[in-house]
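Residues per chain, in single letters:
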Amino acid sequence: MNPQANLIFIVSLLLGTTITISSNHWVMAWAGLEINTLAILPLISKSHHPRAIEAATKYFLTQAAASTLVLFSSMTNAWCTGQWDITQLTHPTSCLILTSAIAMKLGLVPFHFWFPEVLQGSPLTTGLLLSTLMKLPPITLLYMTSPSLNPTLLTTLAILSAALGGWMGLNQTQIRKVLAFSSISHLGWMAIIIVYNPKLTLLNFYLYAVMTATVFLILNAIKALKLPTLMTTWTKIPSLNAMLLLTLLSLAGLPPLTGFLPKWLIIQELTKQDMAPTATLISLLSLLSLFFYLRLAYCTAITLPPHTTSHMKQWRTNKPTTITIAMLTVVSTMLLPIAPMILTLI
């Protein structure tokens, strides 16, 4: 793709995100979402492969439907209450429609079917944007309207997302699809706490975005798209393999690593809200996703290919992204000891 065109699309993405997260009026928020959708479409379909075109079409149709529902929900609220302010969404029907629209935007169950397919048809760098930056505007809208949302509906969507995100990722061999189901599972954890402690949802999203960015950048550096390819990558750049192993375990939420922090805080908050059974259920469901993270980690670091290679291993890389990957890996694995400081900031 032409570098100037690429730059325009990236700037438009940032512009759309900024407009949505800084707006108070529903129409401005909707306009930001539309700019976002239109800017990401050429980045999805830039390879001109039929799979990429199919992914772009699916993405456009679902996002257009979700944006229509956002506009419909805000118009219904303005019709009944006379308010166009995002934080003044008080009409019950509008709240239900908005929850459905945001679930469709994010890929929460039962509106999750488009996300694995779109991620599978996109390049890794676009997949990184779809999994992190494109999730920020809808989560911001959820954050701003959280006091008036229906807790039962959100808890149901969250439990289903954690269950199906873990369950459907079990038999995947394509790494991008595994990461898509991992994203759905993490979104379940964010949705379950949004009504009770919205700041925890944002903390969870930020940490998830950092860990996912690390995984995508490493996969892009070692050019791995399938599990069998992952088994032979240790012969290329062993240092990146070690980073990938630690980041995957952190995404799984294992205790000494950063990924354990949001899960721990969410379980604690749910217990304070007298929702111990819900906390137990979502913790057990996260074991499903732990299995496929462990399988990825096993393929990355423990499996040896049948034939060893005779060429020299590349311990140092000259790629400019390597320093970024190293810094992101540190954040993805070592933030748990400074949890008290993080809690004072949120």
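The name an unreviewed UniProt entry gives the protein is NADH-ubiquinone oxidoreductase chain 2, with Arremon aurantiirostris as the organism. A UniProt comment under Subcellular location (unreviewed entry) is attached to the protein, and it reads "Mitochondrion inner membrane".

Counted according to the given criterion, the structure contains 4 salt bridges. In this structure, the salt-bridge partner of E117 is K58, at a minimum N-O distance of 3.8 Å. With E117 in helix α5 (residues 114–121) and K58 in helix α3 (residues 50–81), the pair connects residues that are 59 residues apart, well separated along the chain. When its relative accessible area of 24% is taken as the criterion, E117 is described as partly exposed. One continuous salt-bridge network, built from bridges that share partners, spans R51, E54, K58, E117 and K177.

Turning our eyes to something else, we now look at the domain arrangement of the protein. By the assigned domains, the protein splits into domain 1 (1–106) and domain 2 (151–307 + 320–345). Taking only C-alpha atoms, the centre of domain 1 and the centre of domain 2 are 25 Å apart. Tallying the contact residues gives 5 residues for domain 1 and 5 residues for domain 2. Overall, the association of domain 1 and domain 2 removes approximately 340 Å² of surface from exposure, summing both partners, and the carbon and sulfur fraction of that is 84%. Where domain 1 packs against domain 2, one counts 0 residue pairs in polar contact (both at pLDDT 80 or more). The element best represented in the side of domain 1 that touches domain 2 is helix α4 (residues 92–106), accounting for 4 residues.

Another point: empty space enclosed by the protein. On inspection of all chains with the given rule, the structure shows 2 cavities of 30 Å³ or more. Within this model, the largest cavity holds a volume of roughly 100 Å³. If you trace the largest cavity, you find 13 residues lining it, with Y59, Q63, K105, M134 and P138 closest to the centre. Every element with two or more residues in the lining of the largest cavity is listed here: α2 (26–44), α3, α5 and α7 (136–145). For the lining of the largest cavity, the element with the highest residue contribution is α2, accounting for 3 residues. Its residues assigned to classes, the lining of the largest cavity shows 8 nonpolar, 3 polar and 2 charged.

Per the counting criterion, the structure on display carries 5 aromatic pairs. Considering the side-chain rings of W114 and F115, the 5.4 Å spacing of their centres and the 70° angle between planes classify their relative orientation as edge-to-face. Of the aromatic side chains, those joined through ring pairs into one cluster are Y59, W114 and F115. One Lys or Arg, K135, reaches over the ring of F115 and ends 3.7 Å from the middle of that ring. Across the ring face of W189, the terminal group of K263 is positioned such that the distance to the ring centre comes to 5.2 Å.

Cut-off values and rules
- Residues numbered from 1 in each chain as written.
- Predicted model: local features only at pLDDT ≥ 70, side-chain atom pairs only at ≥ 80, totals over all residues.
- Heavy atoms only, no water.
- UniProt positions renumbered as here; feature names shortened; annotations may be inferred.
- Salt bridge = Lys/Arg side-chain N within 4 Å of Asp/Glu carboxyl O.
- Helix = DSSP H or I, 4+ residues; strand = E, 2+ residues; numbered from the N terminus.
- Buried < 20%, exposed > 50% of the residue type's maximum accessible area, 1.4 Å probe, protein only.
- Domains from an automatic or database assignment.
- Contact = heavy atoms within 4.5 Å.
- Buried area = accessible area lost by both parts, 1.4 Å probe.
- Polar contact = N/O pair within 3.5 Å; in protein donor to acceptor, adjacent residues only side chain to side chain.
- 1 Å grid on protein atoms, 1.4 Å probe; cavity = no way out; pocket = protein on both sides within 12 Å on 5 of 7 lines; lining within 4 Å.
- Points joined across faces, edges and corners; volume = space filled by probe spheres on them.
- Nonpolar A, V, L, I, M, F, W, Y, C, P; charged D, E, K, R; others polar.
- Phe/Tyr/Trp six-rings, centres within 6.5 Å; stacked < 30°, edge-to-face > 60°.
- Lys NZ or Arg CZ within 6 Å of the ring centre and 35° of its normal.

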